[in-house]
Amino acid sequence: MIHNDTNFDNYVKDALYNHKAPVPLGLWDKIVADKPTKKPLVFWWNNNKMYLLTAACLLLVSGMYLLVENKKEASFASQNETLLQNNNTPNNNNLSIQKTENTIDKKAILSNNSNQSSDNTFGTNTDIHSQNFNTGKTVPNQNINKKFNQLLLKNQSNQNIFSNQSQGLNLDKNISTHQQIDETYSETHHTRQNTISLTDLSKLEPKNPISLLLINKKKIFGLDCPNALPTNWYLEAYGSPDYNMKNVYANGVSDAYLQRIDSTTKMGMGFTFGLRLSRSINEHLLVKTGLQYTQRNEQFTSKSDSLITTTNVVTIRTIVRGGGLSDTTVRDTSSLQQIGYRKRVTNNHYKSLEVPLLVSYERGNDKWRVAANGGVIVNLTSWYSGETLDTAYQPVSLSAKNNNGFYKSNLNLSLYASISVLRRINNNFEAFAEPYFRYGLSNSNTSAIGYSQRFNAVGLSLGIRYKLNHKSSSTAN
Amino acid sequence: MYILKPLYPLTEHELIKSCVNDNPSCQRMLFDQYAGKFMSVCLRYAKDNMEAEDMLQEGFVRIFKHMNQFKFQGSFEGWMRRIVVNVALKQLQKKRLHISEIKDDINNDHQLPSYAYSSMGTDELLKLISRLPDGYRMVFNLNVIEGYTHEEIAGMLGIQASTSRSQLVKARKMLQSQILQLEKIAV
């Protein structure tokens, strides 16, 4: 019966294995029409998402540029604040310029003609100096400088700053002339009186009006928000062990293939490290961006065809026979056959360069702070190495060089959520721990592979945060 | 990159390389060389010519798309055939291929003499195979003609290896029974 079945099977196989059937006409044309075309050289050519992302990147870059420019202006203004410092302490009512050679206490009283300076800001134009500072007059100030309070020249810093020609203020060398300008400033709602000592302020002409505008900008904004905190910039360096999870969904391939993929691969621990730049936008909110490197590791186990090992065993026996008969030697040859599979383990690596775009809400005290972070992680580029199964269940190499169209090398997006706990180490440094969850929004592979693969991850970032503008903010305070 | 059909006969290696480089004339050569065989493969899995044509079209598209994955290890024809078979299975699974036990009352005692099928034409044999129920046909094709083991078939179809074995036995019996009936009619 079995023999009969084998014959029948062989007959069918011989008849059909190499059998050729007529091919329908026009099939080749259909295949040509259906064949995938080569990708354009510019990978985002026909990709609307890429346009959006490019626009977002441009916005981000221009935003960063503006922030940096603002920062420059703010630092410039804070330097000039030492020149025109807001005198909020009641004890510092009278200050004077003191030169080393000629110590002259010259009081410049900011006079305020109501018709001229009701909405003036100091130094908005050069006329203010010439009109408001009157030689030898003491005019009570009624309503000027509500916007910028009491501006005094601080003696020590004035010497430095006034001598600095690059800041646009050209103070005459003859500052020590005996012309004395006394201007008394009094503010109706403040009980203190402040005086500014200047020498020949009419000669205090701005060389560069723009620089004075920059000085005033800070003060104008300061009026609207007198208690505004200085903008803080931080640099964060971090590293994290990641536990990655892979979700695979069928997109054309059979369930059996997916099961095979699932059984041959096992995700291992990965890691992430990077640098982030943070900027405070108010007391509690920060925006963060930077660059990070992520590596996901996976173990791929493939079984090759059955491996047959044959060992020949020769057994020699000697039979001793009595009665004068000679001994007989018997040689038995047997073969031991072992059948098994060759198991090969390959470590797959999925590596990415990414840009985190995060918003952080932070609260706490001087020592401890807690922050909730959220945002997206934009995958700039990815590259791969290792092996996977093709649809014919054959191991196939994954590598950036032999791009086989399995995986994307361009942009992907992930959602990111985390909680940070920060501990202050000293004035400049804070240490933080940040458990996070990362959810993949887009597939890491192409549709050609027949299934969709996304990575999610949980991890714990550990790092340090350095306050970049610690010195400038402390001097401003 | 070749634009015109090469004047000299290409080796298989050269043909594959040219196809990977998207040479249309070489791809056409490959198609002409193997389309007949693979159409026969598809006909064995499909219910009709239209379905087989769809399978073959999809199969060649996939072959050209993934040809760069061929590592020049083993038979190229075998590699292509595996793709075509997988495409055929995938298309059948899209149609919710259901492998179920079919109650049959075929007499086990029938012994099919070899002369009964030795004179049978290939086209007739193909027709008989195409009349088998889906599950029987898949397992019979994969095991008897393509040479897959029951374990491999189980993995491909998502069934138990024992189910594959029983389906094969029943498929064989059904086919032999049909051949006997044809023989009786002829007599």
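Reading the values: the criteria
- Residues numbered from 1 in each chain as written.
- Chains lettered and ligands numbered in written order.
- Predicted model: local features only at pLDDT ≥ 70, side-chain atom pairs only at ≥ 80, totals over all residues.
- Heavy atoms only, no water.
- Axes fitted to C-alpha atoms, helices over the stretch in contact; angles between N-to-C directions.
- Helix = DSSP H or I, 4+ residues; strand = E, 2+ residues; numbered from the N terminus.
- Parallel < 35°, antiparallel > 145°, perpendicular 65-115°, else oblique.
- Left-handed = near helix turned anticlockwise from the far one by under 90°.
- Contact = heavy atoms within 4.5 Å.
- Nonpolar A, V, L, I, M, F, W, Y, C, P; charged D, E, K, R; others polar.
- Phe/Tyr/Trp six-rings, centres within 6.5 Å; stacked < 30°, edge-to-face > 60°.
- Buried < 20%, exposed > 50% of the residue type's maximum accessible area, 1.4 Å probe, protein only.
- 1 Å grid on protein atoms, 1.4 Å probe; cavity = no way out; pocket = protein on both sides within 12 Å on 5 of 7 lines; lining within 4 Å.
- Points joined across faces, edges and corners; volume = space filled by probe spheres on them.

A. Main features of the packing of helix H2 (residues 27–34) of chain A against helix H3 (residues 49–65) of chain B. Where H2(A) contacts H3(B), the axes come no closer than 9 Å and their chain directions differ by 45°. Here H3(B) runs oblique to H2(A), going by the angle between their axes. Here the hand of the crossing between H2(A) and H3(B) comes out right-handed. Residues Leu27(A), Trp28(A), Lys30(A), Ile31(A) and Asp34(A) of H2(A) lie in contact with H3(B), whose contacting residues are Glu53(B), Leu56(B), Gln57(B), Phe60(B), Val61(B) and Phe64(B). Looking at the contact of H2(A) with H3(B), its residues break down into seven nonpolar, one polar and three charged.

B. Layout of the packing of aromatic side chains. All names here are of chain A. All chains considered together, the criterion is met by 18 aromatic pairs over all chains. Judged by centre distance (6.2 Å) and plane angle (45°), the ring pair of Tyr293 and Trp383 falls under tilted. Of this pair, Tyr293 sits in strand S10 (residues 285–319) while Trp383 sits in strand S12 (residues 368–389); the two residues are 90 residues apart in sequence, bridging distant segments of the chain. Ring centres 4.9 Å apart and planes at 45° place the aromatic pair Phe429 and Tyr466 in the tilted group. In this pair, Phe429 is assigned in strand S15 (residues 429–440) and Tyr466 in strand S16 (residues 451–467), connecting sequence segments 37 residues apart. What makes Phe429 partly exposed here is its relative accessible area of 30%.

C. Quick peek at empty space enclosed by the protein. All names here are of chain A. With the rule as written, the count across this model stands at ten cavities of 30 Å³ or more. Space inside the second largest cavity adds up to approximately 140 Å³. Considering the residues around the second largest cavity, the lining is formed by 17 residues, among which Arg296, Asn379, Asn412, Ser444 and Phe455 are closest to the centre. Going through the elements one at a time, strand S11 (328–364), S12, strand S14 (412–424), S15 and S16 are the ones with two or more residues in the lining of the second largest cavity.

Just distances and angles here, no functional claims.
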